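Descriptive analysis of the structure
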Amino acid sequence: LYFEFDRIYVFFKSIIDAYTELPQTPSIEVKSHERLASYQPYVVIAPGAGRLYRLWPLKYFLKIIQYLNAEAYGFHFVIIGGPDDKEKGDFLEAHGGHVINYAGSTGLDEVPAILKGARFVIANETSITHLAAAVGVPCVCPSNGNHYLRYHPYPDHLKAKNYYLYSLSFLK
């Protein structure tokens, strides 16, 4: 079983001219999002997911925000996601403290720059975890183990700073 990036790499390497150089790791060169410069340091939280079974309960994202606020790290929290995640962001903004809700108001083209400026990212099992790896920002992802070894955890050779949290039932 190949990790998905490696599988795609092998496929394209086999059909592209042998002299063409392909990147060995997923990466995106991007500058930090200027609109968030005054909110440094910040943590990105992506509480949404395309499937219900990938959603970590919203109350746990809130607990993390409250814990980090209580420990006085000085973080702001930037919520990202699609229009369906706006309500989740509104809840976290209302109850979390130091939260800026961008869910539903930013395009996918802005996400890499938003991620690039973050100290770290906490995201459900979505494309956000892969974009965080591509811009070189640490990411923590609670996961049910779906697609284990295909999309996560990242192999060491890809040098991603992604960390996956699996339930005890999955680890047994």
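All figures in this text were calculated on a predicted structure; none of them were measured in a lab.

Criteria and cut-off values
Residues numbered from 1 in each chain as written. Predicted model: local features only at pLDDT ≥ 70, side-chain atom pairs only at ≥ 80, totals over all residues. Heavy atoms only, no water. Helix = DSSP H or I, 4+ residues; strand = E, 2+ residues; numbered from the N terminus. Buried < 20%, exposed > 50% of the residue type's maximum accessible area, 1.4 Å probe, protein only. Contact = heavy atoms within 4.5 Å. Areas by Shrake-Rupley, 256 points an atom, 1.4 Å probe, with all protein chains shown as cover. Core = buried A, V, L, I, M, F, W, Y, C linked by side-chain atoms within 4.5 Å. Pairing = 2+ DSSP bridges. Salt bridge = Lys/Arg side-chain N within 4 Å of Asp/Glu carboxyl O. Axes fitted to C-alpha atoms, helices over the stretch in contact; angles between N-to-C directions.

**Section: the overall build of the protein**
- Broken down by element type, the protein carries six helices and six strands.
- The linear arrangement of helices and strands in the protein, starting from the amino end, is α-β-α-β-α-β-α-β-α-β-β-α.
- Taking all 172 residues of the protein together, the buried fraction comes to 39%.
- Looking at the protein alone, contacts between residues at least 24 apart form 56% of all its contacts between residues at least 6 apart.
- With an accessible surface of roughly 10,000 Å², the protein has 57% of that area assigned to carbon and sulfur atoms.

**Some thoughts on the nonpolar core**
- In this structure, V44, V78, I80, I114, L115, V121 and I128 are the most contacted members of the largest nonpolar core, which totals 20 residues.
- Taken together, the elements giving at least two residues each to this core come down to β1 (42–46), α4 (111–116), β4 (121–123) and α5 (127–135).
- Residues contacting V121, with those up to four places away along its chain left out, are V44, L115, I128, A132, V137, P138, C139 and V140.
- Listed in part, the 14 residues of the second largest apolar core include V43, I45, L62 and L92.

**A closer look at unusual backbone geometry**
- Residue P41 is bonded to the preceding Q40 through a cis peptide linkage, with omega at -10°.
- With a phi angle near 60°, H98 is a residue other than glycine that sits in the positive phi range.
- Residue placement: H98 occurs in the loop between α3 (86–96) and β3 (99–101).

**Brief notes about the pairing of strand β6 (residues 162–166)**
- Across the two faces of β6 the burial differs, with N162, Y164 and Y166 buried and Y163 and L165 not buried at all.
- Sheet topology note: the strand β5 (residues 139–143)/β6 ladder contains five bridges and is parallel. By the bridge assignment for β6, C141 is matched with Y164.

**With respect to the pattern of salt bridges**
- Within the structure shown, the criterion is met by two salt bridges.
- Residues K88 and D85 are paired through a salt bridge, measuring 3.4 Å at the closest nitrogen-oxygen approach.
- Take D85: its relative accessible area is 10%, and that puts it in the buried class.

**Concerning the environment of V111**
- For V111, the location among the structural elements is in helix α4.
- On the accessibility criterion, V111 (6% relative accessible area) is buried.
- For the pair V111 and L131, spaced 20 residues apart in the sequence, the C-alpha separation amounts to 8.1 Å.
- Not counting residues within four places of it along the chain, the set of residues in contact with V111 comprises I80, I128 and L131.

**Remarks on the sheet that holds β3**
- Within the open sheet, the six strands sit side by side as β3-β2-β1-β4-β5-β6. Their pairing is parallel. Since the sheet does not close on itself, it has two edges, and those belong to β3 and β6, each with one partner. Taken over all neighbouring pairs, the strand axes of this sheet differ in orientation by 20° on average, direction set aside.
- Where strand β2 (residues 76–79) meets β3, three bridges bridge the pair, whose relative direction is parallel. The residue bridging F77 from the neighbouring strand is V99, located in β3.
- Running at roughly 160° to β3, α3 makes contact with β1, β2 and β3 of the sheet.

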